[in-house]
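Structural characterization, general
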Amino acid sequence: MGPQEMVERALELSRNDGCVVLVDEGSTANLRFAGNTLTTNGVARSSQLTVISISGQSVGVVSRAAVREEQLADVVAAADAAAREARPADDARALVEGGDAAPHWGDEVRPTDIGVFEGFAPALGEAFAAAEAGGRKLYGFAEHSLTSTFLGTSAGLRLRHDQPTGRLELNAKSGDLKRSAWTGVSTQDFTDVDVAALGSSLAQRLEWAKTRVDLPAGRYETLLPPSAVADLMIYMFWSSGARDALDGRSVFAKPGGGTRVGEQLATLPVSLSSDPAAAGITCAPFVTAHASGRESSVFDNGLPLGPTDWIKDGRLEALMQTRYSAELSKLPVTPGIDNLIMSGPSGGASLPDMIASTRRGLLLTCLWYIREVDPQTLLLTGLTRDGVYLVENGEVVGEVNNFRFNESPVDLLGRITEVGAGEQTLPREWSDYFQRTVMPPVRVPDFNMSTVSQAS
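These remarks concern the structure in this document. (Residues numbered from 1 in each chain as written. Predicted model: local features only at pLDDT ≥ 70, side-chain atom pairs only at ≥ 80, totals over all residues. Heavy atoms only, no water.)

Quick word on the environment of Leu 412
- If you trace the backbone, Leu 412 turns up in helix H9 (residues 409-413).
- In contact with Leu 412, other than residues within four places in its own chain, are Leu 232, Glu 407, Val 444 and Phe 447. (Helix = DSSP H or I, 4+ residues; strand = E, 2+ residues; numbered from the N terminus. Contact = heavy atoms within 4.5 Å.)

Next comes the structure, spelled out in C-alpha cells:
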C-alpha cells in the first residue's frame, strides 16, 4: 500500500467527527570515515503513520512505524477510541479546509540512495590524500536523507512535501592526535560542497594550534562563526513560544503580563526570520503537527506558512503561535517554520575580514553541550570545542584553552557590535534536529567565558 492510498484508507476507516492522517516516508544514505579511510556506508528506509482522530473537541493520536495493510484498521480504531476517551482539548479548532490535491500528490516516492555522493566521494578521496600527505587524519561522516510527508484530512486537504537534508561533518587531527579542528556544512544534495576548501581550512586551524596560549576566564571580545551563532539562535527560537511568554515562563514574558512583542532587543538592525521558500534551505510550506504542544496544534495541520519576521531591525516582531495561542495573545497566527535566517546591515564583512580588523580577541570554532540555566533570562551554559584561537593585530597567533561560557542569546543581541555576511551553515550542537540555517559571524565585545574548561 502506497502512502497516498494509506492516507485515503485511514480517513475512510475513521468513525469519529474528523480525522487527520500523516504518512512520513523516509530514506537515508551515509558515508563514514576515520583516519583518512572510508569505514562504512549504508542506506536505510523508514515509514511512519500518524492518525489524529477528533471526537467533538477531544483528540486521540496514535503513531506507528512500518504499518502493514492488515494493521491499518487497528491503528485507526485505536486513535478513534483514544479520542472518545480524552478530555476536550483547549486548542480544538475547525480543521483547515482544502480543495484540490497538491500537484505532485500522486507522484511515486523516490528514496535517496548512495548515488547522492557520486560527485562528492571522489573529492573526499582527494581530501584524504591531501591530509595524509600533510600528516593529518580526517574523521567524520556524510549523511543524506529524504523525507516525503503526506498530509490528508477529512476536511479535504491533500498536501505533500519532499524534504532533502544533508550534512557533512569533518574533524581533522594532527598525526599525534593532540590537536583537533572541526568544520561542517549543511546541503540539500552535496553538489555544492567544496571538500578541498574545507580541508584547507582545517589544515590552517591545525597550524594555528601549534602555538598554545593559556588564558584565564573572563569577558573577551569574541568572534562567533556562523555555526556557533546558529546554535544560540536556534535555542532562542525554540524558546519563543507565545504561550510560555503569556504564562510568564520565558524571557519573552512582559513584566506585569503579556509578551515583549514590539520591544527593541538590539541596537543594531539585526533581523531573524524564516521563509519556507528560502534558497538552499527550503522547508515545508504548511504546518505538519504530529502532536499538540505549547507551540503546535494538531488542529492547525495544513495551515499555509510564508515568510515570517521574528525579529526585524532589532525589534521583536512575533512569537511562535498556534491559532489557539493567537486568540489568547491577540497577535497574528505565526506557526513555527523549519528554517532560520539571521541578517544584519547590508554589506557585512566576511569572517576573515572580521579577523583582520580585530586588535585582540578570541575566535571560536563551535559550541557544544549547551544547556539552559534560567528560562526567565534564557541564560545558557556550554563549552567551546575544537579550537579557540587568539587574534592579535588582525592575525591568529595561537590556540587557547577551552572555556565554559554563560550567555543569554537575547541579551547577546543587544551587545553585538558587528554582524558579518550571512551564509548557509551547520549548527553543531543541534544538527540532529535543525539544519536549515543561514547565519552571519558576529562580534561580541564582552562574551562571558565563565571558567576554564579541561575539555580537549
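A word on unusual backbone geometry
- Phi is positive for Lys 330, which is not a glycine, with a value near 65 degrees.
- Relative to the elements of secondary structure, Lys 330 occurs in the loop between helix H7 (323-329) and strand E12 (340-343).
- We classify Lys 330 as exposed; its relative accessible area is 70%.
- A positive phi angle is found at Tyr 369, which is not glycine, with a value near 50 degrees.
- Looking at the secondary structure, you find Tyr 369 in strand E13 (residues 360-374).
- For Tyr 369, a relative accessible area of 44% gives the class partly exposed. (Buried < 20%, exposed > 50% of the residue type's maximum accessible area, 1.4 Å probe, protein only.)

Focus on the nonpolar core
- Met 233 and Met 342 are the most contacted members of the largest nonpolar core, which totals 51 residues.
- The greatest single-element share of this core, amounting to nine residues, is contributed by helix H5 (residues 226-238).
- With near-sequence residues (within four places) excluded, Met 233 lies in contact with Leu 272, Leu 340, Met 342, Pro 409, Leu 413 and Met 439.
- Counting 31 residues, the second-largest nonpolar core is a separate cluster that includes Phe 33, Leu 138, Leu 202 and Leu 223. (Core = buried A, V, L, I, M, F, W, Y, C linked by side-chain atoms within 4.5 Å.)

Quick word on the packing of aromatic side chains
- Inspection of every chain in the model, using the stated rule, returns 14 aromatic pairs.
- Through pairs of rings, three or more aromatic residues link up here, namely Tyr 235, Phe 237, Trp 238, Trp 310, Trp 430 and Phe 434.
- Lying over the aromatic face of Phe 141, Arg 32 brings its terminal NZ or CZ to 5.1 Å of the ring centre.
- A cation sits over an aromatic face here: Arg 385 above Trp 368, 4.4 Å from the ring centre. (Phe/Tyr/Trp six-rings, centres within 6.5 Å; stacked < 30°, edge-to-face > 60°. Lys NZ or Arg CZ within 6 Å of the ring centre and 35° of its normal.)

What about the packing of helix H1 (residues 3-13) against helix H2 (residues 72-85)?
- Remark: H1 packs on H2, axes separated minimally by 9 Å, with the N-to-C direction vectors making an angle of 50 degrees. Taken as axis vectors, H1 and H2 run oblique relative to one another. Where H1 crosses over H2, the handedness of that crossing is right-handed. Along its contact with H1, which presents Met 6, Arg 9, Ala 10 and Leu 13, the element H2 presents Leu 72, Ala 73, Val 76 and Asp 80.
- Of the residues belonging to the contact of H1 with H2, the class tally is six nonpolar, no polar and two charged. (Axes fitted to C-alpha atoms, helices over the stretch in contact; angles between N-to-C directions. Parallel < 35°, antiparallel > 145°, perpendicular 65-115°, else oblique. Left-handed = near helix turned anticlockwise from the far one by under 90°. Nonpolar A, V, L, I, M, F, W, Y, C, P; charged D, E, K, R; others polar.)

Describing the side chain of Ser 58
- Along the chain, Ser 58 turns up in strand E3 (residues 58-65).
- Among the polar contacts listed, one links the side chain of Ser 58 to the backbone oxygen of Ala 86, at a separation of 3.0 Å.
- When residues no more than four places from it in sequence are discounted, the contact partners of Ser 58 are Ser 53, Ala 83, Ala 86, Arg 87, Pro 88 and Ala 89. (Polar contact = N/O pair within 3.5 Å; in protein donor to acceptor, adjacent residues only side chain to side chain.)

Some words on the pairing of strand E20 (residues 442-452)
- Taken together, the six bridges between strand E8 (residues 218-224) and E20 define a ladder with antiparallel strand orientation. The partner of Leu 223 across the bridge, within E20, is Arg 443.
- Across three bridges, strand E16 (residues 403-407) lies against E20 in antiparallel orientation. Bridge pairing links Arg 404 to Thr 451 in E20. (Pairing = 2+ DSSP bridges.)

Observations concerning helix H3 (residues 120-133)
- The terminal C-alpha atoms of H3 lie 20 Å apart, and with 14 residues this matches the ideal 20 Å at 1.5 Å per residue to within 8%.
- Taken together, the buried positions of H3 are occupied by Phe 120, Leu 124, Ala 127, Phe 128 and Ala 131. For H3, the arc enclosing every buried residue in end-on projection is 105 degrees, short of the 170-degree limit, so these residues lie on one face. With respect to the buried face of H3, the exposed residues turned more than 90 degrees away are Glu 126 and Ala 133.
- Count one or two residues on from H3 and you reach Gly 135, which has phi positive near 75 degrees. (Expected span 1.5 Å × (residues − 1). Arc of directions from axis to C-beta.)

A few points about the sheet that holds strand E19 (residues 437-439)
- Ordered by their spatial adjacency, six strands build an open sheet running E11-E10-E9-E12-E19-E18, and the pairing between neighbours is mixed. Looking at strand neighbours, the two that pair on one side only are strand E11 (315-316) and strand E18 (423-425), the edges of this open sheet.
- Sheet topology note: the E18/E19 ladder contains three bridges and is antiparallel. What sits directly across from Gln 424, in E19, is Val 438.
- Here H5 sits on the sheet in contact with strand E9 (271-274), strand E10 (308-312), E12, E18 and E19, set at roughly 120 degrees to E19.

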